[in-house]
Protein chains: 2
Amino acid sequence: MKAYEALAAHIAEYNDLLNILNTLKWDMRAKMPAGGSRSRGAQLETLSKLAKGLFVSEATERLLDAAEDESARLELDFYQARALRQTRQYYEIQKRIPADLVGRIAALSPESETVWATAKDQNDFAAFKPYLERMLAFNIELAEAIGYDEHPFDALVFQFEPGMTAASLQALFGQLKAGILPLLEKIVASDAPLPLDLWGQEYDIDRQARLCREFAALIGFDFRRGRLDIAPHPFEVSFTRDDVRITTRYDFNYLPMSLFATLHEAGHGLYEQNVSPSLTRSALTTDFLGQYAVGGASYGAHEFSSRLWENQIGRSRAFWNLHFGRLRDCFPRQMQSADADLVYRAVNRVRPSLTRVEADEVTYNLHIMLRTEIEMALLDRSITVDELPEVWNVKMDEYLGLTPPDDRRGVLQDVHWSAGTFANFPCYTIGNVMAAQVFEAARDHVPDLDQKLASGDYSSLLDWLTTAIYRHGRAYTVNELLQSISGGGLHVAPLLTYLDAKYSDLYGLK
Amino acid sequence: MKAYEALAAHIAEYNDLLNILNTLKWDMRAKMPAGGSRSRGAQLETLSKLAKGLFVSEATERLLDAAEDESARLELDFYQARALRQTRQYYEIQKRIPADLVGRIAALSPESETVWATAKDQNDFAAFKPYLERMLAFNIELAEAIGYDEHPFDALVFQFEPGMTAASLQALFGQLKAGILPLLEKIVASDAPLPLDLWGQEYDIDRQARLCREFAALIGFDFRRGRLDIAPHPFEVSFTRDDVRITTRYDFNYLPMSLFATLHEAGHGLYEQNVSPSLTRSALTTDFLGQYAVGGASYGAHEFSSRLWENQIGRSRAFWNLHFGRLRDCFPRQMQSADADLVYRAVNRVRPSLTRVEADEVTYNLHIMLRTEIEMALLDRSITVDELPEVWNVKMDEYLGLTPPDDRRGVLQDVHWSAGTFANFPCYTIGNVMAAQVFEAARDHVPDLDQKLASGDYSSLLDWLTTAIYRHGRAYTVNELLQSISGGGLHVAPLLTYLDAKYSDLYGLK
C-alpha cells in the first residue's frame, strides 16, 4: 500500500496547514488584540493560498491516481477506502474553485469579524454592511464556481451537509414547523406558574468559570487535551484530537449563558477528542474553504453531539437533581430559596425571544428557519443586503411574534456571515433532529442508561457514542450512522416526541 | 522599482509564515494543553519546511538578481538598500543549511520543551538529557553547515549578534568581569542594613496582574496592539508591530517576579510596536532558523530595550517615589510599614543567587558568562551533556560562590537549550551594556530627562528611543546605532559607571 501511504502523508501535511489555520482563527477570536486584525488577515491569506496550492496540485492528482490504481489490486480497509473516495470528491470540487477566492475570503474575514463585533456593540448595521456585501458576493462566486442544479444554496450547503439541498431542507423544516408551532402555541397560552426568575442576581465570574470547567470535565472533556477560554461568540475548534479548544462567555447576571455554552461546546469537543487516533492526521479533514472539520459526518452531525450534551443531558431533570448541590455550594446566597426542581424549570423556560443563542429548545429551530430562508434569498438575490434588517424584523414577527428593538439584537447577532460562512445555519437544526434520534437509540443500546445518567455515570453514554459515532470521524455519512444505530435516516419524529413529552410535563399540557 | 517591489511582496509572504510560526510558538508556551505537543511539532515541521522552501528557492534567487540589477540603475532608499543587502546575505547563508535540519529542530522543540518543563518540575535531568543531546547535535550540524573560521559558536552567534565571535565576547566579558567582581566583593563585604524582606508575604495574584498591566501601559505598551499573558518562562513575541504579546509569571510570595518580568517584556514589546509601519511586513525579518526578529539590530539590541525599561526605569528611585502609592493601594497590609525608599532598596538588593532570571543587576552578567562558556564548550565538544550538571555546579561556585542544591535550580533552569537555541545567552549581556550606553545618550538628547521621568513622563523617552532606534527595525547595526547617538561602538564603561554609582550609594561604599 505504498501509493496510499504516500497520499496519506501528503494529506497529513495539508491537514497540518488546516490545523494551523484553525489555530490562527482560534487566536483571532479568543486572544488577538484588535490591532492585529489586518496583519492576521494577510497571514490567513498567505497560508490559505499555500494550503490550497498544496492540495489542488499536480502532486495530489498524481498521488490520487496512483492510490486509485493500487486500490484496484490491493484491498484498502474501510477507512482508507472512504478517505480515498472523499479525497477524490473534494479534489474535483476544489479544482473548480478559483485559486484566489479562498484567499480573498480568508484575508477579509479577520477585519470583517472585527468590524462586525464593533458594529454589533454599537448597533451600527451600516458600518458592517459593506463587509457583508463583499462576503455575500464571494459566496455567490463560490456557489457559481462549484455549480448547482436548482439553487446556489445547494452548492454551498454541500460542504456542510452533503446530500442536503434547499428543497430538502424546506421539506424538513415544514415537518418540524407543523409539530413545533402548535406546541409553542399551547405553551404560550398556558398559565403554568413557570418559575420566578432565578437569574436576575449577581453571579461571580470566577465561580462561574470554575463551575463551567467542572461541568465540562464531568461529561468527559479531557483538559489534558483541551482548553476552555472566553470568546464573545462561543465556539469549539480542534487542532487534532489532542488539542481541542472550547470557549464560553460569562454574563454576571445570567448564569445559564456560561453553563450551557460550556456544555454545548464541550459536546462538540467530545466528538473531536474521541475520533480514532489513526484518522486524526492523515484522513482528509476539510470542507471546500479549507476549514478543518475532522470529526463529524457533517456539521449537523457535529452539532448533534453539542445539542445532546447541552439539552438531553444538561437540561434534564436528572442532571439538576444530581448537581444542584454543587450549584448551591458555589452560589449559596443566590440559591437559598431554590431547589433542583426550580432550577430544572428555570433552565427550560420556553419564551419566544430575540436571540438565537439564548433560545430554548422549542423556539430554537424557528430562529434557524428564519436565517436559512434569508440566506437562500440573499444568495439567489431575491433580497439585497440593504433590505436585510427590514426582512429580518418582519420574519421575527412572523415566526416569534417579536420585533427587535435594534439591529444589535436583530440582524447583527451572529458571527457567521461576517466570517464568510453561508448555508451553515441549517446544520443546527439537523443537529437537534439527530440528537433526539441518537439519544433515543442510546436508550436502546446502553443498558439502564437513565439510571446511569441519574447516578452521574456519563462515561457509559460517552463510550457508546464513541464506539457508534465519534471514533469514525467523517468516514460514514449521517444517514449511514443513523441507519446503523436506529435503522432509518434523518427524521423529525423523535425530536417532536421528546419536546412534546418534556414540555407537556413542564407546562402541564394535555 | 518593479523588481524591488516584487521581491518585497515575496518576502512579505515569507514573513507571514514566520509570523504564523511565532503565533504557534506563543500558543505552545502560553496556552496549549500538554497533549498537543506532538501534533504541534508536526505542524511546526510542516510549516518550517514550507517557509524554508519559499525562501530558499529559485524564485527568491531570480527576484534577488532582478532587484540587484535594477538597483544599479534606480536608486533605492536607505531602508530598501539595506533590506536588499540583508536578504542577499541571509539567502546565501540559508542556502548552506540542509533543507530538513530546520524542520527537524522545529519538530523536536515542542516535545523537547514539554519534557524540559516536566524535568525541571521534577528535578530530573536524566529525562531531559536525550533531548538536549539531540538539540546540541542539531546545532553542531547547523554550525558546520554555516561554516566558521575559529569556533562553531561563531557560526551560531552570527544569527543573533552579527559581528560578534567567541573571541570578541571573551574580551568583552573580561572587561566586565574586571569591573563587576571588585564591586560585588565590596557589596558582599559591606554590612549595609539592606532591607528587611518585604516579599515573604502574600500577594494576591489578581492584584498583581492588574498592577502588571498598569505598569506596562504606563511605560507605553499599547494594549490595542498587544496582550499580557502568563507563561512559566516569560517572553515577548510579535506577529507584526500590531500584535505584540508579552508574558509574565506570578509568585504568590514574591511580588517583584511578575512586576519586573512585565517591565522587561514590555520593554521588548515597545521595540516591536514602534518599528516603522513600512518595515513590518516587507523587510526581511528572520534569523537562520527562520525565527521572526523584525525589531532590533540584533537580539542584544532588542535586549537593551527590555533592560533599559526594567532596570534604568523600573529599578530607579524616581520610579518608586512616583508609584509607591499605587503599590500601597493594591497591597495596603503588605506595605503598611514600607515606603518608597524601602521598596527601592528591596528591588535592588544585590545577593549572589542560583537563578539567572531573579539575579540582580550586579550579578546578572556572571550568570551569562557561565552559560556562554558552557555553550562554547558543548559546541566544540570539550565537555559532554553527561558532564553538564557537574560543570554547571563547579562554575556556579567559581562565579557566585554557590552550589545548586538540585538541577532544578541549576542546569535545568532555562528554556533556551530545550528549544534548540544555542549561542543566544550573550545577547543578554550585550543588552545590559547597550542599555547603559543608550540611557546615557538619552540624558544628552532629551532635555530634562530625569525631571520628566520623575514626573511620570515616559513618553518623551519613548519618543526619542523610537526616533533614534526603534523605528529603524533591523536596518542599522548595533555599532551604527551607537555611533549615531553616542559617537562610539559597544563599550562597557557606561554600564560599569552606572552600577558603581547606584550600588555605592545603596550600600554606602566609598
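Computed from a prediction, not measured in an experiment: that's the story for all the values here.

### Examining the packing of aromatic side chains
Geometrically, a pair of aromatic rings is defined through the distance of the ring centres and the angle of the planes. The full count for this structure, using the stated rule, is 44 aromatic pairs over all chains. Where Phe-260 of chain B meets Trp-320 of chain B, the ring centres are 6.4 Å apart and the plane angle is 55°; that geometry is what we call tilted. Linking Phe-260 of chain B in helix α10 (residues 255-273) with Trp-320 of chain B in helix α12 (residues 317-330), this pair joins segments that are 60 residues apart in sequence. Accessibility assignment for this pair places Phe-260 of chain B and Trp-320 of chain B in one class, buried. Taking 6.1 Å as the distance between ring centres and 35° as the angle between the ring planes, the aromatic pair formed by Phe-425 of chain B and Tyr-428 of chain B counts as tilted. Across the pair, Tyr-428 of chain B and Phe-425 of chain B agree in class, each one buried. Members of the aromatic cluster, each reached through a chain of ring pairs, are Tyr-364, Trp-392, Trp-417, Phe-422, Phe-425 and Tyr-428 of chain A. Over the aromatic face of Trp-26 of chain A sits the side chain of Arg-245 of chain A, whose NZ or CZ is 4.5 Å from the ring centroid. The aromatic ring of Tyr-428 of chain A is capped on one face by Arg-356 of chain A, whose charged end is 4.7 Å from the ring centroid.

### Some thoughts on the interface of chain B and chain A
The interface of chain B with chain A comprises 36 residues on the first partner and 36 residues on the second. A per-residue breakdown of the area chain B buries against chain A is headed by Ile-20, Pro-33 and Gln-43 of chain B, which together make up 19% of the total. Taken together, the links from chain B to chain A amount to six salt bridges. When the shortest N-O distance is used, the salt bridge between Arg-245 of chain A and Asp-27 of chain B registers 2.7 Å.

### Points about the state of the cysteines
Per the counting criterion, the structure on display carries zero disulfides over all chains. This cysteine, Cys-212 of chain A, is not joined by any disulfide, and Cys-330 of chain A carries the nearest cysteine sulfur, 9.9 Å off.

### Concerning the environment of Leu-453 of chain B
All names here are of chain B. Looking at the element boundaries, Leu-453 is found in helix α17 (residues 449-454). A C-alpha to C-alpha distance of 26 Å links Leu-453 and Pro-234, two positions 219 residues apart in sequence. Leave out the neighbours within four places in its chain, and Leu-453 touches Ile-313, Leu-322, Phe-439, Tyr-458 and Leu-461.

### Some details on the pattern of salt bridges
Residues and elements named next belong to chain A. Counted according to the given criterion, the structure contains 70 salt bridges over all chains. With a shortest N-O distance of 2.7 Å, Glu-480 and Arg-82 are connected by a salt bridge. Here Arg-82 lies in helix α4 (residues 78-96) and Glu-480 lies in helix α19 (residues 478-486), a separation of 398 residues in the sequence. Glu-214 serves as the salt-bridge partner of Arg-326, at 2.6 Å between the closest nitrogen and oxygen. Here Glu-214 lies in helix α9 (residues 205-218) and Arg-326 lies in helix α12 (residues 317-330), a separation of 112 residues in the sequence. Here Arg-326 falls in the partly exposed class, since its relative accessible area comes to 29%.

### Remarks on the sheet that holds strand β1 (residues 226-230) of chain A
All names here are of chain A. Spatially, β1-β3-β2 is the arrangement adopted by the three strands of the open sheet, whose pairing is mixed. The open sheet is flanked by β1 and β2 (236-238), the only strands paired with a single partner. Shown here is a sheet whose adjacent strand axes are inclined to one another by a mean of 20°, direction ignored. Sheet topology places β2 next to strand β3 (residues 244-248); three bridges connect them, and they run antiparallel. Looking at the pairing, Ser-238 lines up with Val-244 of β3. In the packing of helix α1 (residues 2-30) onto the sheet, the strands contacted are β1, β2 and β3, and the crossing angle to β2 comes to about 145°.

### Quick word on the sheet that holds strand β3 (residues 244-248) of chain B
Residue and element names in this part refer to chain B. Strand order in the open sheet made by the three strands is β1-β3-β2, with mixed pairing throughout. Two strands bound the open sheet, and with one partner strand each, they are β1 (226-230) and β2 (236-238). Pairs of neighbouring strands in the sheet enclose a mean axial angle of 20°, with direction left out of account. In this sheet, β3 lies alongside β1 in parallel orientation, the contact comprising five bridges. Each residue of the ladder has a partner; that of Leu-228, found in β3, is Ile-246. Strands in contact with helix α1 (residues 2-30) are β1, β2 and β3; relative to β2, the strand with the most contacts, it is inclined by about 145°.

### Topic: the relation of the copies chain B and chain A
Each of the two copies of the chain can be brought onto the other by a rotation about an axis and a shift along it. Rotating chain B by 179° about the axis while translating it 0.0 Å along that axis superimposes it on chain A, leaving an RMSD of 0.0 Å. Here the two chains are linked by the operation of a two-fold rotation axis. Comparing interface residues between copies, 100% of those in chain B also lie at the interface in chain A; the contact surface is shared.

### Quick notes on the packing of helix α8 (residues 166-189) of chain B against helix α20 (residues 493-506) of chain B
Residue and element names in this part refer to chain B. The N-to-C vectors of α8 and α20 enclose an angle of 5°; their axes lie 10 Å apart at closest approach. Here α8 is positioned roughly parallel relative to α20, judged by the angle of their axes. When α8 is examined against α20, the residues Gln-175, Leu-176, Gly-179, Ile-180, Leu-183 and Ile-187 are found in contact with a partner set consisting of Leu-495, Leu-496, Leu-499, Asp-500 and Tyr-503. When grouped by side-chain class, the residues that make up the contact of α8 with α20 number eight nonpolar, two polar and one charged.

### Section: the confidence of the model for chain A
Residues and elements named next belong to chain A. For chain A, per-residue confidence averages 92 on the pLDDT scale, and 96% of positions sit at 70 or higher. Counting contacts from residues 286-293, a segment whose pLDDT is below 50, to residues more than four positions away or on other chains yields 43 contacts. With pTM at 0.88, the complex prediction returns an ipTM value of 0.86.

Cut-offs and rules
Residues numbered from 1 in each chain as written. Chains lettered and ligands numbered in written order. Predicted model: local features only at pLDDT ≥ 70, side-chain atom pairs only at ≥ 80, totals over all residues. Heavy atoms only, no water. Phe/Tyr/Trp six-rings, centres within 6.5 Å; stacked < 30°, edge-to-face > 60°. Helix = DSSP H or I, 4+ residues; strand = E, 2+ residues; numbered from the N terminus. Buried < 20%, exposed > 50% of the residue type's maximum accessible area, 1.4 Å probe, protein only. Lys NZ or Arg CZ within 6 Å of the ring centre and 35° of its normal. Contact = heavy atoms within 4.5 Å. Buried area = accessible area lost by both parts, 1.4 Å probe. Salt bridge = Lys/Arg side-chain N within 4 Å of Asp/Glu carboxyl O. Disulfide = S-S within 2.5 Å. Pairing = 2+ DSSP bridges. Axes fitted to C-alpha atoms, helices over the stretch in contact; angles between N-to-C directions. Least-squares fit on C-alpha atoms with pLDDT ≥ 70 in both. Parallel < 35°, antiparallel > 145°, perpendicular 65-115°, else oblique. Nonpolar A, V, L, I, M, F, W, Y, C, P; charged D, E, K, R; others polar. pLDDT = per-residue confidence, 0-100.

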